[in-house]
Amino acid sequence: MTAQSRAITAIRMLAADSVQKANSGHPGMPIGSAPMAYAIWKQMKHNPKDPAWQARDRFVLSAGHASMLEYALLHLFGYPLGIEDLKAFRQWGSKTPGHPEYGHTVGVEATSGPLGQGIANAVGMAMAEKHLAAVFNRDGFPVVDHYTYCLMGDGCVMEGISAEASSLAGTLGLSKLIVFYDCNKISIEGDTDIALREDTAARYRAYGWQVLEAEDGNDVDAIDQAVEAAKADDKRPSLILVHTKIGAFSPKEGSASSHGAPLGAEAVKALKQNLGVDPEKSFSVEQEVYDFAAACVEKGRLAHRVWDQLMEGYQEAYPELYSKYMDWFEGEAPDLSQDEDFFAFEKDDSTRNASGQCLAR
């Protein structure tokens with residue numbers, strides 16, 4: 001088994017073990033989408049030693065019920081989330097609540113739970129990236145230059161809010177937005193055919209997105225190639241449709257019974273046997289996996305150092321713009337109370353129009 005395969009297996013095992021110990025949760029999607037999530041995280045530009053680094057790529061888990069997928073990733077890739085935290089999954093006061101919560105668990109970029117909410121947040125993040133790049137970037141100083149990755153499921157696709165946000169993303173040409181669609185065709189009620197029969201790929205093309213596809217959700221190379229194609233398109237957001245099997249390699253593969261309930265102790269053992277690991281071990285991760293994940297994020301630490309050097313030059317070349325940038329990211333709002341020009345209008349107007357003029361200034 002390669003180090004990459006071991007890492008993917010570790011994600012699956014941690015998800016299955018945590019849900020089983022809690023006797024509550026959603027194991028099916030984390031198990032089925034582990035290769036896709038791994039492919040995203042090994043390509044992401046991030047630094048677990050500085051989770052608030054401004055130039056990091058963002059990851060949003062829109063399908064928040066699959067929270068153990070994100071917690072397993074955070075743990076393996078070096079964020080401050082230990083095995084004991086995973087064992088406390090869905091317990092009161094733990095760092096691993098049933099759905100990801102921004103500001104509660106380090107590394108979580110957005111609170112998600114209501115389906116579709118996450119992709120809407122991701123579109124907003126991509127809008128912010130594009131706007132801030134236009135405001136602050138100068139020739140030779142791409143100080144704002146990061147991607148927003150989002151992972152959504154069939155339930156997110158069904159929601160109206162995801163349609164509205166996705167349509168806007170296409171209209172705005174948010175090329176730094178890459179959305180992965182975990183298409184396993186199962187919801188908590190059963191086969192998605194009862195509620196979703198559309199051609200989602202065609203709908204997103206109509207929105208103005210680039211649509212890519214990976215037929216086998218276990219094919220990391222194919223997913224990597226899709227990500228590269230997404231990054232090569234600088235005009236459109238990209239949807240990568242990945243076909244997976246919920247609860248893959250377990251006795252409940254492809255079944256709605258793996259969506260929102262523990263697999264069961266015997267099914268967890270069978271899953272481990274099918275993946276070639278000791279069925280009697282729980283919450284067990286080989287050091288090789290941690291080392292491999294650390295090597296994956298090393299490029300993020302290097303990018304961080306390069307960015308720090310870039311910012312030093314930016315501060316020297318554009319001191320006023322640098323100061324404005326720092327105020328922005330530190331949440332410092334300008335004091336406009338004495339700015340007569342800001343509140344000057346050519347004529348009496350509606351508050352809506354006046355507000356619009358202020359926002360544009």
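Details of the structure are given in the entry above.
Described below are features of the structure shown in this document. If you're wondering where the values come from, they're calculated on a predicted model, not measured in any experiment. (Residues numbered from 1 in each chain as written. Predicted model: local features only at pLDDT ≥ 70, side-chain atom pairs only at ≥ 80, totals over all residues. Heavy atoms only, no water.)

## What to know about the overall build of the protein
Helix and strand counts for the protein stand at 13 helices and 7 strands. Its C-alpha atoms give the protein a radius of gyration of 22 Å, near enough to 21 Å, the size a compact globule of 361 residues would have. The C-alpha extent of the protein, read off along each of the three principal axes, is 75 × 45 × 40 Å. Counting the 361 residues in the protein, one finds 51% classified as buried. Contacts in the protein between residues far apart in sequence, at least 24 positions, make up 75% of those at least 6 positions apart. Placing the 33 positive and 51 negative side-chain charges of the protein at their respective mean positions leaves the two points 4 Å apart. (Helix = DSSP H or I, 4+ residues; strand = E, 2+ residues; numbered from the N terminus. Rg over C-alpha atoms; globule rule 2.2 N^0.38 Å. Buried < 20%, exposed > 50% of the residue type's maximum accessible area, 1.4 Å probe, protein only. Contact = heavy atoms within 4.5 Å. Lys, Arg positive; Asp, Glu negative; His and termini not counted. Charge placed at Lys NZ, Arg CZ, Asp CG, Glu CD.)

## A word on the sheet that holds strand β2 (residues 148-153)
The parallel open sheet is built from 5 strands, whose spatial order is β1-β2-β3-β7-β6. Edge positions in the open sheet fall to β1 (58-61) and β6 (210-214), since each of these has one partner strand only. Recorded for the sheet is a direction-independent mean angle of 20° between the axes of neighbouring strands. When β1 meets β2, the two strands line up parallel, connected through 4 bridges. Within β2, the residue paired with R58 across the bridge is T148. Across the sheet, helix α5 (residues 117-136) touches β1, β2 and β3 (177-183), and the angle it forms with β2 is around 165°. (Pairing = 2+ DSSP bridges. Axes fitted to C-alpha atoms, helices over the stretch in contact; angles between N-to-C directions.)

## Quick word on the pairing of strand β7 (residues 238-243)
Within β7, 5 of the 6 residues are buried, which leaves the element mostly enclosed by the surrounding structure. Two strands pair when backbone bridges link them, and β6 and β7 are joined in this way by 5 bridges, in the parallel orientation. Within the sheet, the bridge partner assigned to E213 lies in β7 and is L241. With helix α9 (residues 220-232) bridging β6 and its parallel neighbour β7, the resulting β-α-β unit is right-handed. (Right-handed = clockwise from strand over helix to strand, strands pointing away.)

## Concerning unusual backbone geometry
One non-glycine residue, N23, adopts positive backbone phi at about 60°. Mapped onto the fold, N23 is located in the loop between α1 (3-22) and α2 (28-43). Owing to a relative accessible area of 59%, N23 belongs among the exposed residues under this scheme.

## Things to note about the environment of K299
Note that K299 resides in helix α11 (residues 287-317). You can call K299 partly exposed: its relative accessible area is 42%. Along the chain, K299 and M1 lie 298 residues apart, while their C-alpha atoms are 24 Å from each other. Those residues in contact with K299 that sit more than four places away from it in its chain are K42, Q43 and M44.

## Overview of the packing of α2 against helix α3 (residues 67-76)
In the contact formed by α2 and α3, the axes pass within 10 Å of each other and the chain directions differ by 45°. By the angle class used here, α2 and α3 are oblique. Judged by the twist between their axes, the crossing of α2 over α3 is right-handed. Together, P30, S33, A34, A37, Y38 and W41 of α2 and L69, L73 and L74 of α3 make up the contact between the two elements. Partitioned by chemical class, the residues of the contact of α2 with α3 number 8 nonpolar, 1 polar and no charged. (Parallel < 35°, antiparallel > 145°, perpendicular 65-115°, else oblique. Left-handed = near helix turned anticlockwise from the far one by under 90°. Nonpolar A, V, L, I, M, F, W, Y, C, P; charged D, E, K, R; others polar.)

All quantities given are derived from atomic positions and should not be read as evidence of function.
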